[in-house]
Amino acid sequence: MARSGLLDRHIAFLEALRSAGLPVSLAENLDAIDALQSLNWGARSMVRDAYAATLVKRQSQRPTFDTLFDLYFPGLVGGGVAAAWPEEPEEQVRDGADALRGFREELLAALGEGDDAELQRLAVEAVGRFGAMPGRGPGLSSWSAYTALQRVSPDDLVEQLVAALVAQGRVEEEATRVAGRRIGAFTRVVEGDARRRIAEEKGPDHVADVAVRPTIDRLDFTAARKADLEEMRRSLYPLSRRLATRLAKEKRAAARRGALDFRRTVRASISTGGVPLTTHHRPRRPHRTELVVLCDVSGSVANFAQFTLLLVFALRDQFHKVRAFTFVDHVHEVTHHFKPGADVADVMADLAASTSHAALWGRTNYGRAFAKFVEEADDALGPKTSLLILGDARSNYSDLNVPVLKDIADRCRHTYWLNPEHPRHWNTGDSAAGPYGEVVPMVECRNLTQLGEFVHDVV
């Protein structure tokens, strides 16, 4: 690559990082250039590490960085060394059941051995043989990781892979975890190779704009996958501690001292001729905040519901008491799932099963849910309560029951509404964000960055 071409690629790479949410400054740009001038560009892993050391600030940004690095500085071109397979007729390679069966046998063997190099080769081969989009002529190919994975179906190999791992001496539970991890890693390599091939045809900028997921702190909760939720959980604990601290804050004067003790103040004023130069105050009782979370788990916010339940899990140790309720049109208390010492994976699995059933058979009705909440959980509301409502405020044109929401808010110390939709969608269609937002402060909360801003600004 010519020097000017390399500089252009470097600048485009940095712009793509910024667009994906990595804050790359001019100083860090210059640091990267200084580091790269001292390296052998033939050692790709060393170049990757130098870029990462100078540009990546948090571990959560690393997956996005790696994806973009592979787009702008690919490890191979075209089919690479794996392109040796097309000695067979093209129709047989692409469509033959025997070829597909043989490939799956190779894949199962590599997954069983955990051979990363072989899995990398097979991922490239899978995209080249089974991932070409239909109806494209020579030189006009486009690639689809989805098509390749649908044909290869690595998920269908789980049972066989678990059996192979058990035969190697692993217990079944461990074998199941290892199998899921290895198949997930193979799937990600297939997706990466499809992106690389498309970038060769349409340019890396095109793929960076439309196919690269943002960093975990800027990823929309509604677009999060199971693996993303686990990473989000690690970021939630520091935010939950900050939120608990801020919701427990009193007004400044009240934080310093309690209510005026009139009798002691008058008695002390006798020594100054009845002039109360010094006031005395009663000892302030420490405030113990109780948190109540009311979460919409309807289909329209299913992924956001998973995130909010993770938030409850993170908050449970930060408050004197935490109570959690889910609803579609009826309210269900799920506090009992969040017992001390409970495993987060088990809790999320149980809740996912119960909330998916409710979302399947229910029709979102916020007004009815608020009324039921007051009827069935009246004891959850009080002057020590901080209430968080989480949902998109889309109520299927039903009665909004705004007075009931106002009564709920009036009875609580703090009430906030976190909405996963962009504000431009509020008050469109069946959205009741406007009427509800006049009663309860409604905050856009689509990702971890916005949640952090809410925690920073609250109270």
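Residues numbered from 1 in each chain as written. Predicted model: local features only at pLDDT ≥ 70, side-chain atom pairs only at ≥ 80, totals over all residues. Heavy atoms only, no water.

Asks: Explanation requested: the overall build of the protein chain in the structure shown.
Replies: Along its length, the protein chain carries 20 helices and 6 strands. Evaluated residue by residue, the protein chain yields a buried proportion of 45% over its 459 residues. Long-range contacts, defined here as pairs at least 24 residues apart, represent 73% of the contacts in the protein chain between residues at least 6 apart. Of the roughly 24000 Å² of accessible surface on the protein chain, a fraction of 52% belongs to carbon and sulfur atoms. (Helix = DSSP H or I, 4+ residues; strand = E, 2+ residues; numbered from the N terminus. Buried < 20%, exposed > 50% of the residue type's maximum accessible area, 1.4 Å probe, protein only. Contact = heavy atoms within 4.5 Å. Areas by Shrake-Rupley, 256 points an atom, 1.4 Å probe, with all protein chains shown as cover.)

Asks: What is the right way to read the sheet that holds strand β5 (residues 414-419) from this model?
Replies: The 6 strands lie next to each other as β3-β2-β1-β4-β5-β6, forming an open sheet whose pairing is mixed. Edge positions in the sheet fall to β3 (331-333) and β6 (442-444), since each of these pairs with one other strand and no more. Put simply, the sheet's adjacent strands are angled 25 degrees from each other on average, direction ignored. Pairing analysis gives 6 bridges linking strand β1 (residues 290-296) to strand β4 (residues 385-390), with the strands arranged parallel. Bridge assignment links leucine 294 to a residue of β4, and that residue is isoleucine 389. (Pairing = 2+ DSSP bridges. Axes fitted to C-alpha atoms, helices over the stretch in contact; angles between N-to-C directions.)

Asks: Explanation requested: the packing of aromatic side chains in the structure shown.
Replies: Two descriptors summarise a pair of aromatic rings, namely the distance from one centre to the other and the angle between the planes of the rings. Following the criterion strictly, the structure yields 19 aromatic pairs and no others. Ring geometry for phenylalanine 370 and tyrosine 436: centres 5.5 Å apart, planes at 85 degrees, overall edge-to-face. Residue phenylalanine 370 is found in helix α17 (residues 366-376), and its partner tyrosine 436 is found in helix α19 (residues 433-437); the two are separated by 66 residues along the sequence. The exposure class assigned to phenylalanine 370 is buried, which follows from its relative accessible area of 0%. For tyrosine 436, a relative accessible area of 0% translates into the label buried. An aromatic cluster of at least three residues, connected via ring pairs, comprises Phe13, Tyr51, Phe65, Phe69, Tyr72 and Phe73. A cation sits over an aromatic face here: arginine 197 above tryptophan 143, 4.8 Å from the ring centre. (Phe/Tyr/Trp six-rings, centres within 6.5 Å; stacked < 30°, edge-to-face > 60°. Lys NZ or Arg CZ within 6 Å of the ring centre and 35° of its normal.)

Asks: Is there a simple way to explain helix α7 (residues 116-130) in this structure?
Replies: Since the α-helix turns once every 3.6 residues, residues separated by three or four places project in the same direction. The end-to-end C-alpha separation of α7 is 20 Å, in line with the 21 Å expected for 15 residues at 1.5 Å each. With a side-chain oxygen lying 3.3 Å from the backbone nitrogen of alanine 117, the N-terminal cap of α7 falls on aspartate 115. (Expected span 1.5 Å × (residues − 1). Polar contact = N/O pair within 3.5 Å; in protein donor to acceptor, adjacent residues only side chain to side chain.)

Asks: In this structure, what is going on with the side chain of arginine 323? I would like to understand it.
Replies: In this fold, arginine 323 is placed in strand β2 (residues 321-327). Given a relative accessible area of 14%, arginine 323 falls into the buried group. There is a polar contact of 3.0 Å between the side chain of arginine 323 and the side chain of glutamate 333. Those residues within four positions of arginine 323 in sequence are excluded, and the remaining contacts are Leu291, Val292, Val293, Glu333, Thr335, Asp379 and Ala380.

Asks: What should I look at first to understand the packing of helix α6 (residues 97-113) against helix α9 (residues 158-167) in this one?
Replies: What describes two packed helices is the angle between their axes and the distance between those same axes. At a minimum axis distance of 10 Å, the contact between α6 and α9 shows a crossing angle of 40 degrees. With respect to α9, the axis of α6 lies oblique. The two elements α6 and α9 meet at a crossing, and its hand is right-handed. Contact residues: Leu108, Leu111 and Gly112 in α6; Gln160, Leu161 and Leu165 in α9. Split by residue class, the contact of α6 with α9 holds 4 nonpolar, 2 polar and no charged. (Parallel < 35°, antiparallel > 145°, perpendicular 65-115°, else oblique. Left-handed = near helix turned anticlockwise from the far one by under 90°. Nonpolar A, V, L, I, M, F, W, Y, C, P; charged D, E, K, R; others polar.)

Asks: Is there a simple way to explain the nonpolar core in this structure?
Replies: The tendency in soluble globular proteins is for nonpolar side chains to be buried as a group. Ranked by size, the top nonpolar core spans 55 residues in total, and within it Phe13, Tyr51, Phe65, Leu68, Tyr72 and Phe186 carry the most contacts. Per element, the largest residue contribution to this core is 9 residues, and it comes from helix α10 (residues 172-202). With residues up to four places along the chain from it excluded, the contact list for phenylalanine 65 reads Phe13, Leu17, Leu22, Arg48, Tyr51, Ala52 and Val56. If you look at the next biggest cluster of nonpolar residues, it comprises 37 residues, including Leu291, Val293, Phe338 and Phe454. (Core = buried A, V, L, I, M, F, W, Y, C linked by side-chain atoms within 4.5 Å.)

Asks: What is the right way to read the environment of threonine 364 from this model?
Replies: Looking at the secondary structure, you find threonine 364 in the loop between α16 (344-361) and α17. It is 7.4 Å that separates the C-alpha atoms of threonine 364 and arginine 394, two residues lying 30 residues apart in sequence. Ignoring sequence-local partners within four residues, the contact set of threonine 364 consists of Asp296, Ser298, Val328, Arg394, Ser395 and Asn396. Of the polar contacts made by the side chain of threonine 364, one reaches the side chain of serine 298; its length is 3.3 Å.

Asks: Explanation requested: the confidence of the model for the protein chain in the structure shown.
Replies: Keep in mind that low pLDDT regions are not for reading the predicted coordinates in detail. Of the residues in the protein chain, 82% reach a pLDDT of 70 or more, and the chain-wide mean stands at 80. Below a pLDDT of 50 lies the segment residues 81-95, which in the model reaches 20 contacts outside its immediate sequence neighbourhood of four places, other chains included. Overall, residues 250-255 carries pLDDT values under 50, and its contacts beyond four positions in sequence, including any with other chains, amount to 6 contacts. (pLDDT = per-residue confidence, 0-100.)

Asks: Any chance you could explain α6 here in plain terms?
Replies: Counted at 1.5 Å a residue, the expected span for α6 with its 17 residues is 24 Å, and the 25 Å between its end C-alpha atoms agrees. Residues of α6 that are buried include every one of Ala99, Leu100, Phe103, Leu107, Leu108, Ala110, Leu111 and Gly112, and no others. Just past α6, the residue glycine 114 takes up positive phi, approximately 65 degrees.

Asks: Would you mind showing me how to read the environment of arginine 213 here?
Replies: Mapped onto the elements, arginine 213 comes out in the loop between α11 (204-210) and α12 (226-247). Considered as a pair, arginine 213 and alanine 20 are 193 residues apart in the sequence and their alpha carbons are 7.4 Å apart. With near-sequence residues (within four places) excluded, arginine 213 lies in contact with Thr64, Leu219, Ala223, Ala224, Arg225 and Asp228.

Asks: Can you help me understand the pattern of salt bridges in this one?
Replies: Where charged atoms from two side chains of opposite charge come close, those side chains can pair. What the rule picks out here adds up to 27 salt bridges. For the salt bridge of aspartate 70 with arginine 44, the shortest nitrogen-to-oxygen distance reads 2.7 Å. Linking aspartate 70 in helix α4 (residues 62-72) with arginine 44 in helix α3 (residues 44-55), this pair joins segments that are 26 residues apart in sequence. Aspartate 70 sits in the partly exposed class, given a relative accessible area of 31%. Looking at arginine 44, the relative accessible area reads 27%, which means it is partly exposed. The residue glutamate 174 makes a salt bridge to arginine 170 at a minimum N-O spacing of 3.0 Å. (Salt bridge = Lys/Arg side-chain N within 4 Å of Asp/Glu carboxyl O.)

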